[in-house]
Amino acid sequence: MSIVRKSGNRFSKEIMLKNKSRMLRASTLSLALALLMAGATPVLAADSEVDFRAAYAAAETANKEAGLLRNQWTVTAAALAEARKAADKGDFDQAIASSKEAEALAKASIFQATSEKTLWKELEIH
Amino acid sequence: MRSAIHLASAALALAALAFGAVPSAVAADTPNPPADAKAFRDFFTQKFPKVKLEDFVNGPYSMNEDLHRQWEEKEQFPPYEFSVDMGKEMFSKPFKNGKSYADCFPNQGIGIRQNYPYFDEKEGKVITLELALNRCREVNGEPPFSFLKDEMAALTAYMAFTSRGKPFDIKIPDDPRALEAYQNGKRYFYTRRGQLNFSCATCHVQSPGERIRAEVLAPALGILNAMPIYRSEWSGMGTISRRFTTCNTQIRGVPLNPQDDEYRDLEYYLSYVSNGLPISGPGARP
């Protein structure tokens, strides 16, 4: 009987130890999550801002090239303005999307200016 | 031996191609303004056989009878009249230094619109009437006007009015730079630009007489003879500079600065190919 009680005590002690360790692990995890949540937003925002700056710079470079070809589009300027406006509000997803749109438009205007260097002749009255 | 014959034949064919092709390519690329002007005029007169040649200067109003009647009625109380009066007054008023616009122009500035733009061989560039007017002001210590409307439109309206009926007489001097300016203007006219991928020719060569939204497109032949114009859309007067820059904006292109070389050359080209057609400015447009 005593053996049983003894072994029973040992058994419940083991369970308690296991539970304690589980609880410790869970609380560590919660703490880590909480810390992550607290710290994550600025980290993500910083990454988005860096991405926005890169996307905006690429768009601006392409638009400057279109300017050298004397063929900028109004819609490119509008998309760049939209990107700046969204970035000022902290909406970096929109700012990146608008920057990418501006870059695509600028590249299209460069393509147009380059191809029209010879294509214009096809419209000429002879 | 056989491969040597093949090689020799290929070389001969290439040589023949080179000798034959180069002169024709050069001939095709060499600007020929008189031939261009003839082709330009023939294109429009054949496209619109019922329109009298001198009527092309009335733009959309030349495109059908209803519009022509509207124009005749408009001309009884022309909306640009205030601008001609204002220009006349400005033209006769001396600058602070006692000189006036008349001192800057041949024949005191009267009846000379048909000779602008011209190619200035000293400067090596095209000089438009708008540019000459602002230069006249600056040389006499006056600030320049905006090239787009108001005072500039009034001055050019008055000067055009004194030239009414006189045929455009644009000259291309024997100077390669003049020919280059002409060719640059032609290239600008036919080059597609803006997000809409339109050239000046898209509207004014391929589609005159057709509607773009509510407007009837004017033919390119004689399109500058009526400038400056009163446009109902603008609720006011506009110069050639205004017309060029707004056309660029409408096709979603960023306009250049008024009187940039490209616009000056474009005006040179468009005026030259309308040589012989009468000045009808100032005009009125919907």
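If you're wondering where the values come from, they're calculated on a predicted model, not measured in any experiment.

J.: Which residues make up the overall build of chain B, and what values go with them?
T.: Regarding its fold elements, chain B presents 10 helices and seven strands. The proportion of buried residues among the 286 residues of chain B is 41%. Counted over contacts in chain B with a minimum sequence separation of 6, partners at least 24 positions apart contribute 73%.

J.: Lay out the overall build of chain A with the relevant residues and their values.
T.: Counting secondary structure elements, chain A contains three helices and zero strands. Helices and strands appear in chain A in the N-to-C order α-α-α. Split into buried and exposed, the 126 residues of chain A put 22% on the buried side. Put simply, 70% of the contacts in chain A that link residues at least 6 apart link residues at least 24 apart.

J.: Describe unusual backbone geometry, listing the residues and the values that go with them.
T.: Residues and elements named next belong to chain B. Look at the link from Tyr116 to Pro117: it is a cis peptide, with omega at 5°. Here Pro117 is to be found in the loop between helix H4 (81–92) and strand E1 (118–120). For the peptide bond that leads from Gly281 to Pro282, omega is -5°, which places it in the cis range. In the Ramachandran plot, Asn197 falls in the positive-phi region, its phi being about 60° despite a non-glycine side chain. Summarising the element assignment, Asn197 is placed in the loop between helix H7 (176–190) and helix H8 (200–204).

J.: Residues and numbers for the interface of chain B and chain A, please.
T.: Each partner contributes to the interface: chain B provides 20 residues, whereas chain A provides 14 residues. Per element, the largest residue contribution to the side of chain B that touches chain A is three residues, and it comes from helix H2 (residues 33–47) of chain B. Taken together, the residues that form the side of chain B that touches chain A break down as eight nonpolar, seven polar and five charged.

J.: Give a description of the environment of B:Ala153 that names residues and reports values.
T.: All names here are of chain B. Assignment of secondary structure puts Ala153 in helix H6 (residues 150–161). Ala153 sits in the buried class, given 31 other C-beta atoms within 10 Å. Residues contacting Ala153, with those up to four places away along its chain left out, are Ser83, Pro228, Met237, Gly238 and Thr239.

J.: Explain helix H3 (residues 92–119) of chain A residue by residue, including any values.
T.: Taking 1.5 Å per residue as the helical rise, H3(A) with its 28 residues ought to reach 40 Å, and the 39 Å between its terminal C-alpha atoms agrees with that figure. Listed as buried for H3(A) are A:Phe92, A:Ala95, A:Ile96, A:Ser98, A:Ser99, A:Ala102, A:Glu103, A:Leu105, A:Ala106, A:Ser109, A:Gln112 and A:Glu116.

J.: Requested: an account of helix H2 (residues 74–88) of chain A, with residues and values cited.
T.: Residues and elements named next belong to chain A. Along its 15 residues, H2 runs 21 Å from first to last C-alpha, staying within 8% of the 21 Å computed at 1.5 Å per residue. Within H2, burial applies to Val75, Thr76, Ala79, Leu80, Ala83 and Ala87. The arc that holds every buried residue of H2, seen down its axis, measures 145°, which confines them to one face. Across from the buried face of H2, at angles greater than 90 degrees, the exposed residues are Ala81 and Asp88. One or two positions beyond H2, positive phi appears at Gly90, with a value near 85°.

J.: Before we move on, can you summarise the packing of H4(B) against H6(B) with the specific residues and values?
T.: Residue and element names in this part refer to chain B. As a packed pair, H4 and H6 sit with axes 7 Å apart at the nearest point and diverge in direction by 90°. Taken together, the axes of H4 and H6 lie roughly perpendicular to each other. Here Ser83, Val84, Met86, Gly87, Lys88, Met90 and Phe91 of H4 come into contact with H6, specifically with Glu151, Ala153, Ala154, Leu155, Ala157, Tyr158 and Phe161. Of the residues in the contact of H4 with H6, the class split is 10 nonpolar, two polar and two charged.

J.: Tell me about the sheet that holds strand E5 (residues 229–231) of chain B, and name the residues and values.
T.: Residue and element names in this part refer to chain B. On the basis of which strands lie adjacent, the open sheet formed by three strands has the order E6-E5-E7 and mixed pairing. Each edge of the open sheet carries a strand with a single partner, namely strand E6 (236–238) and strand E7 (283–285). Strand-to-strand twist in this sheet, taken as the mean axis angle between neighbours without regard to direction, amounts to 35°. Note: E5 against E7, three bridges, orientation parallel. Across the sheet, the residue bridging to Ile229 is Gly283, located in E7.

J.: A description of the nonpolar core should follow, citing residues and the corresponding values.
T.: All names here are of chain B. In this structure, Ala157, Tyr158, Tyr269 and Leu270 are the most contacted members of the largest nonpolar core, which totals 62 residues. Here this core gets nine residues from one element, more than from any other, and that element is H6. Ignoring anything within four residues of it in the chain, the contact list for Tyr269 reads Tyr182, Gly185, Lys186 and Phe189.

J.: Which residues make up the packing of H2(A) against H3(A), and what values do they have?
T.: All names here are of chain A. Here H2 crosses H3 at 165°, and the two axes come no closer than 8 Å. For the element pair H2 / H3, the angle class is roughly antiparallel. Where H2 crosses over H3, the two elements pack in a sense that is left-handed. Facing Val75, Thr76, Ala79, Leu80, Glu82, Ala83, Ala86 and Ala87 of H2, the residues of H3 in contact are Phe92, Gln94, Ala95, Ser98, Ser99, Glu101, Ala102, Leu105, Ala106 and Ser109. Looking at the contact of H2 with H3, its residues break down into 11 nonpolar, five polar and two charged.

Rules of the game
- Residues numbered from 1 in each chain as written.
- Chains lettered and ligands numbered in written order.
- Predicted model: local features only at pLDDT ≥ 70, side-chain atom pairs only at ≥ 80, totals over all residues.
- Helix = DSSP H or I, 4+ residues; strand = E, 2+ residues; numbered from the N terminus.
- Buried ≥ 20, exposed ≤ 12 C-beta atoms within 10 Å, placed from the backbone.
- Contact = placed C-beta atoms within 7 Å.
- Nonpolar A, V, L, I, M, F, W, Y, C, P; charged D, E, K, R; others polar.
- Expected span 1.5 Å × (residues − 1).
- Arc of directions from axis to C-beta.
- Axes fitted to C-alpha atoms, helices over the stretch in contact; angles between N-to-C directions.
- Parallel < 35°, antiparallel > 145°, perpendicular 65-115°, else oblique.
- Pairing = 2+ DSSP bridges.
- Core = buried A, V, L, I, M, F, W, Y, C linked by C-beta atoms within 7 Å.
- Left-handed = near helix turned anticlockwise from the far one by under 90°.

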